[in-house]
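Residues per chain are reported as follows:
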Amino acid sequence: MPRGSLARHLVMRLLPAVILLVLLDLIAIWAITRQISLDAWLLEDIFWMMILSQALLVLLFAWVLISGVRSGLESINRLSEEISQRSIDDLQPLDPSGLPTEIAPVVTHFNDLLVRLDDSMQAQKRFIGHAAHQLRTPLSGLKLESELMLARQLPDDVRPRAERIKSVTDRMIRLGQQLLVLARVDSSTQPQDSFERLDLCEWARISGAEWIPSARAAGVQLHMVAPDESVWVDADPLLLEEMLSNLVDNALRYGAGAKNIRLIIGANPPSLAVEDDGPGIDPADSERVFEAFYRSPRANVGGSGLGLAIVREIARAHGAWWSLTSRPAFPGTRIAIVFPGPRMGARLTRQE
């Protein structure tokens, strides 16, 4: 029995009282047998027989007590295991059936808290999605106006301001698009309903080719490594497109000095990896770069801090695993997404 367990506590509280009662019983037996005029050898046999019977009684009582407590705690252990196996997005109420009457009210109140917390989180996500959608139209109009201004002759002191307005507008539009993607991959919206079976190799060739002009403009060579045979996965092409865009954009934006970016498709298990030979990610930041809105204090370029957070959420929606490897273990930065494969079905969620 581990220290601090309920079974250990009950045994330690009850055993002393039982032992005391047994001792009193033995003393009473000894006193009675002293008054009986029997042969000494017969009295001694009776005495040791009573001691043996009382010892067996104590062991039997301890076994019954421990077995009863453990059987009573089985439902609590089941509840604990259920909670430990849940993902961080699962806020469904717990099943209170079979729990002791002392524990059931606690679970009921905890379920009420989970319901309120889920409602609050869903309200926040709906607000973010609606706000990002409403802001997209005026921001697009502002971007168009700034582009029209830049297309004409402007005074030297006005052009830099118009360029800054356009740059800030582009970042705001990108941020709104990322927030909409985050709202779309929320587990409550069931993104798995739009999954379709696709060839990861062919999809990566088409989607990766769209980034060749941007890579060349940054002086980076974009390579692709993929097997000749098809690699099938169940996925949402639009979400995969957004995930790849964030991975490549992150490599171009933060991989200062990088000369090569590689898109690597693995077959067994199905996987997508984006590698660069840039300066890498500081070990102090590698554990937090997938958090929403986190930006390293050492980052020297602009960004919203949502790129890798979106990669994480899209991977979760596909039941996939993600990993990050950087210096010194890897000469640059490597982010890999490992998919479960179509054999496991399209309606799959990753367990934490």
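Counting restarts for each chain: residues are numbered from 1 in the order of the written sequence. For a predicted model such as this one, the threshold for reporting local features is a pLDDT of at least 70, and the threshold for listing and counting side-chain atom pairs is 80 or more; totals across whole chains, interfaces and linings nevertheless cover every residue. For side-chain calculations, the full set of non-hydrogen atoms in the structure is used, while hydrogens and water are omitted.

If you look the protein chain up in an unreviewed UniProt entry, it shows as histidine kinase from Candidimonas nitroreducens. Quoted verbatim from the Catalytic activity (unreviewed entry) heading of the UniProt record, the comment on the protein chain is "ATP + protein L-histidine = ADP + protein N-phospho-L-histidine." Listed in UniProt under the heading Subcellular location (unreviewed entry), the comment for the protein chain reads: "Membrane". UniProt positions are given in the numbering used here, feature names are shortened, and annotations may be inferred rather than shown by experiment.

Below, the discussion takes up the overall build of the protein chain. Helix and strand definitions here come from DSSP, where helices need a minimum of 4 consecutive H or I residues and strands a minimum of 2 consecutive E residues; each element is numbered from the N-terminal end. Secondary structure summary: the protein chain contains 9 helices and 7 strands in total. The cut-offs for exposure are 20% and 50% of the maximum accessible area for each residue type, with area from a 1.4 Å probe on protein chains only; residues under the lower value are buried, those over the upper are exposed, and the others partly exposed. The buried share of the protein chain, taken over its 352 residues, is 34%. Surface exposure here means Shrake-Rupley accessible area, sampled with a 1.4 Å probe, where a residue is shielded only by the protein chains that are shown. For the protein chain, the accessible area works out to roughly 21,300 Å², and carbon and sulfur atoms hold 61% of it.

What follows deals with the pattern of salt bridges. Any Lys or Arg side-chain nitrogen found within 4 Å of a carboxyl oxygen on Asp or Glu counts as a salt bridge. Under the definition given, this model contains 8 salt bridges. Ionic pairing is found between R205 and E202, a salt bridge with its closest N-O pair at 3.8 Å. Of this pair, R205 and E202 are both found in helix α5 (residues 200–209), 3 residues apart, which corresponds to roughly one turn of the helix. Salt-bridge contacts for E291 lead to R288; the nearest nitrogen and oxygen are separated by 3.3 Å. The structure contains a network of salt bridges with shared partners spanning R262, E275 and R334.

The subject of this paragraph is the nonpolar core. Take the buried Ala, Val, Leu, Ile, Met, Phe, Trp, Tyr and Cys residues and link them wherever side-chain atoms come within 4.5 Å; each set so joined is a nonpolar core. Of all hydrophobic cores here, the largest spans 39 residues; its most connected members are L200, W203, L240, M243, I337 and F339. Put simply, the parts of the chain that give this core at least two residues each are α4 (159–184), α5, β3 (232–235), α7 (237–254), β4 (260–266), β5 (271–276), α9 (307–317) and β7 (333–338). Considering every element that reaches this core, the biggest residue donor is α7, with 7 residues. Excluding anything up to four places from it in sequence, M243 contacts L272, V311, I314, I337 and F339. Formed by 6 residues, the second largest nonpolar core is a distinct cluster that contains L79, L91, L99 and L114. Contacts were defined at the residue level, with two residues in contact if any of their heavy atoms lie within 4.5 Å.

Fitting a line to C-alpha atoms yields each axis, with helices limited to the stretch in contact; the angle taken between N-to-C directions then spans 0 to 180 degrees. Between α5 and α7, whose axes approach to 11 Å, the crossing angle comes to 55 degrees. When the axis of α5 is compared with that of α7, the two are oblique. The handedness of the crossing between α5 and α7 comes out as right-handed. From α5, L200, W203, S207 and G208 reach across to α7, where they touch P237, L240, E241 and L244. Under this grouping Gly is polar, as are all residues other than the nonpolar Ala, Val, Leu, Ile, Met, Phe, Trp, Tyr, Cys and Pro and the charged Asp, Glu, Lys and Arg. Residue classes in the contact of α5 with α7 are distributed as 5 nonpolar, 2 polar and 1 charged. Working definition: roughly parallel below 35 degrees, roughly antiparallel above 145 degrees, roughly perpendicular at 65 to 115 degrees, and oblique for all remaining angles. Working rule for handedness: look at the near helix, and if it is turned counterclockwise from the far one by less than a right angle, call the crossing left-handed; if clockwise, right-handed.

Glancing now at the environment of V220. Following the sequence through the fold, V220 ends up in the loop between α6 (212–217) and β2 (221–225). A relative accessible area of 7% places V220 in the buried class. Residues V220 and L252, spaced 32 residues apart in sequence, show a C-alpha to C-alpha distance of 8.1 Å. Non-local contacts of V220, meaning those with residues more than four positions away in its chain, are made with A215, L252, A258, K259, N260 and I261.

So, on to a nonpolar patch on the surface. The residues that make up patches have over 30% relative accessible area and no salt bridge, and they are joined within 9 Å when like-charged or within 5 Å when they are Val, Leu, Ile, Met, Phe, Trp or Tyr. Taken together, the side chains of L52, L56 and L59 define a hydrophobic patch exposed on the protein surface, amounting to about 330 Å² of accessible area. Its location among the elements puts L52 in helix α2 (residues 40–84).

So, on to empty space enclosed by the protein. Definitions used throughout: a 1 Å grid over protein atoms alone; a cavity as a set of points that fits a 1.4 Å probe which cannot get out; a pocket as an open set with protein on both sides within 12 Å along at least five of seven lines; a lining residue as one with an atom within 4 Å of a point. Grid points are joined across faces, edges and corners, and a volume is the space filled by probe spheres set on the points. Scanning all chains against the criterion turns up 3 cavities of 30 Å³ or more. One number sums up the size of the largest cavity: a volume of about 50 Å³. For the largest cavity, the full set of lining residues is L247, N250, A251, V274, D276, T333 and I335. Of all elements in the fold, only α7, β5 and β7 reach the threshold of two or more residues within the lining of the largest cavity. No other element matches the 3 residues that α7 contributes to the lining of the largest cavity. Here the lining of the largest cavity is composed, by residue class, of 4 nonpolar, 2 polar and 1 charged.

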